[in-house]
Amino acid sequence: MLLSLVIRDIVLIEHLELGFNEGLTVLTGETGAGKSILLDSLGLAIGARAETSLVRQGAKRGSVTASFAVPASHPARRYLDDQDFILEDDLLILRRVINADGGSRAFVNDQPSSVAVLRALGDLLIEVHGQHDDRGLLDAAGHRDLLDAFGGHGAVLKAVAASYDALSRAEAALSEAEAQHAALRADEDFMRHALAELQALAPEPGEEERLAMARAQMMQGEKLAVLLAEIREELSADSGFEAQLRGALRRLERLDVEAQALLEPVLTPLNRAALEAAEGMAALGRVEADLDFDPHWLEQTEERLFALRAAGRKHKCPPDDLPDLQKRMAAAIASLDDNEHDLADRRRALDAARAAFADQVAALHAARREAAARLDQAVMAELPPLKLEKARFQTEITALAQDHWVRHGGDHVAFAISTNPGAPFGPLIKIASGGELARFILALKVALASRMSADSLVFDEVDRGIGGATADAVGERLARLAARAQVLVVTHSPQVAARGDTHFQISKSEIRESLAGTTDDGQMRTDVLALDPESRREEIARMLSGAAITDEARAAASSLMKRSA
């Protein structure tokens, strides 16, 4: 609910503070007094376009501050949370500052913001209906939601949304399965060939390491065998060490006993050396025999090792991962048949989800048609008292093609009117004139009163071009709306003004001295005065009789006020 409006240096307003109450608030005054300035100012606070011409002459800047009460359940709360704004004590303050040299700034609870945020909050908080209104009921984008709210379609909408989500999941599941299947089919020939190669190779875990170690040992054994053979050949040859040593011993052993006794220190170590040499040669033979070197086996080992490593390079993995790769390829090929069955299951699931969604969309379509008939009847009942007896109203529901169905169903909803018999139906904003448009909106608002889309409603001259019983009907309907929401109306009709719970009189006067203490002779300013009951009677009498207020006009004003109480 709008609590207050503070205006500084906007057009003819130097400084103005207005407080608003629940119920019906009427704003009256002479033509040109500045009633539109108040609505323009309110528009600035809720994100309307800023014109530098709105800044009061001689001022550097103008500002408008609008305060709203926003209870915990209000949808504006969620929007504020999403925008990281803190709301305390249910009070929301929107402020707009316009510079005379261009540019404007926006604030939400004194925090810098954007005009887009003000506009979004304004859409949630207040509706302004007038001749140039292009939002609210005139925006066909919101007609579907209004119809669903009027029809109480919450449960059906939830069912449609749930079916839509289930259909989306089924479509995603099938798409994923088809992509996997296509990928498998695309690689099937390669996988079958690669699997055949791996099956023929039959790699084993840890095999590369074992083969590499065996190859290293065999290559080392080959080198040792060659070396030992050369040593044995050198040692055992006729001119070898052992032969020379034994030849020397035989020659010494042929000497006489005295010579041998003399050479005992020589013979003993030479005999010992001969024995050890014989043992060394025997050990050399045993080592040669123990060396497990087979050139054929080395060749086979290398071929196997190199084949494993080549397969690893081909499949870009370590050779030890080849057994797992073989298993995965075999499983992938085996899964092709399973994947066919899975695809069939998912297609059936998608068909079932699509059928369920179609059923829910059809149910919502039927519910909307039924609600549309009731809404049309309700609006049509409101038109004759508003001097629109020749007009017709209808809610047009167009079933969309299935590929255009969305989470809220498959219908396009638009409110249309025809103002003359036989004339085609068209959008409200294109068919109705200014006065007719305001009354059509009022009729719609009354019909939709149980499903208000905003806590505050503003009507700009909804009674334009009417009077008497029609104006009284307008006032009666505004009062009915005010029982459910805060209603502000700019009016020239005494019948409407008489029904107000709060009455503001707007007037224009010449400035003698500004708030800053300067004299501004010749300039005009707009003033707003809250009227007490007696002042209200005088204002309504003026509206009835014109400039000269008569006793008869006062009596008529009292009668209107009493009847409207």
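Everything below is about the structure shown above.
Residues numbered from 1 in each chain as written. Predicted model: local features only at pLDDT ≥ 70, side-chain atom pairs only at ≥ 80, totals over all residues. Heavy atoms only, no water.

1. So, the nonpolar core
L375, L442, F459 and L478 are the most contacted members of the largest nonpolar core, which has 54 residues in total. The element best represented in this core is helix α13 (residues 434-447), accounting for nine residues. Apart from residues no more than four positions distant in its own chain, L375 is found in contact with L147, F150, F393, T395, F415, A447 and L448. Judged by nonpolar contacts, the second largest core, of 44 residues, contains I37, F68, L92 and L488. (Core = buried A, V, L, I, M, F, W, Y, C linked by side-chain atoms within 4.5 Å. Buried < 20%, exposed > 50% of the residue type's maximum accessible area, 1.4 Å probe, protein only. Helix = DSSP H or I, 4+ residues; strand = E, 2+ residues; numbered from the N terminus. Contact = heavy atoms within 4.5 Å.)

2. Here we look at the packing of aromatic side chains
This structure, assessed with the given rule, holds four aromatic pairs. With centroids separated by 5.6 Å and ring planes inclined at 50°, the aromatic side chains of F393 and F415 adopt a geometry described as tilted. Within this pair, whereas F393 is found in strand β9 (residues 392-399), its partner F415 is found in strand β10 (residues 411-418), the two being separated by 22 residues in sequence. Exposure class is identical for F393 and F415. Each is buried. Between R95 and the ring centre of F107, over which it is positioned, the NZ or CZ distance is 4.2 Å. (Phe/Tyr/Trp six-rings, centres within 6.5 Å; stacked < 30°, edge-to-face > 60°. Lys NZ or Arg CZ within 6 Å of the ring centre and 35° of its normal.)

3. Brief notes about the pattern of salt bridges
Pairing is possible between side chains of opposite charge, provided their charged atoms come close. Going through the model one piece at a time under the given rule, you end up with 33 salt bridges. Between R95 and D110 there is a salt bridge; the shortest N-O distance is 3.9 Å. With a gap of 15 residues between them, R95 in strand β5 (residues 91-99) and D110 in the loop between β6 (104-108) and β7 (111-113) connect regions that are remote in the sequence. Residue D110 is classed as exposed on the basis of its relative accessible area of 58%. Salt-bridge contacts for K445 lead to E127; the nearest nitrogen and oxygen are separated by 2.7 Å. Taken together, the positions of K445 in helix α13 and E127 in strand β8 (residues 126-129) put the pair 318 residues apart, joining distant regions of the chain. Summarising the burial analysis for this pair, K445 and E127 share the class buried. Each of E534, R537, E538, D551 and R554 takes part in salt bridges that share partners, so that together they form one network. (Salt bridge = Lys/Arg side-chain N within 4 Å of Asp/Glu carboxyl O.)

4. So, the sheet that holds β6
If you walk across this open sheet you meet the six strands as β2-β1-β4-β5-β6-β7, and the pairing is antiparallel. The open sheet has two free edges, formed respectively by β2 (13-19) and β7, since each of these has just one partner strand. In this sheet, adjacent strand axes meet at a mean angle of 15° when their direction is disregarded. Sitting on the sheet, helix α3 (residues 115-125) touches β4 (61-69), β5, β6 and β7, and the angle it makes with β5 is about 135°. (Pairing = 2+ DSSP bridges. Axes fitted to C-alpha atoms, helices over the stretch in contact; angles between N-to-C directions.)

5. Side note on helix α5 (residues 154-201)
With 48 residues, α5 ought to run about 70 Å at 1.5 Å a step, and its terminal C-alpha atoms sit 66 Å apart, in line with that. Maximal helix bending in α5 amounts to about 55°, located at E188. (Expected span 1.5 Å × (residues − 1). Bend = angle between axes of the 7 residues up to and from the residue.)

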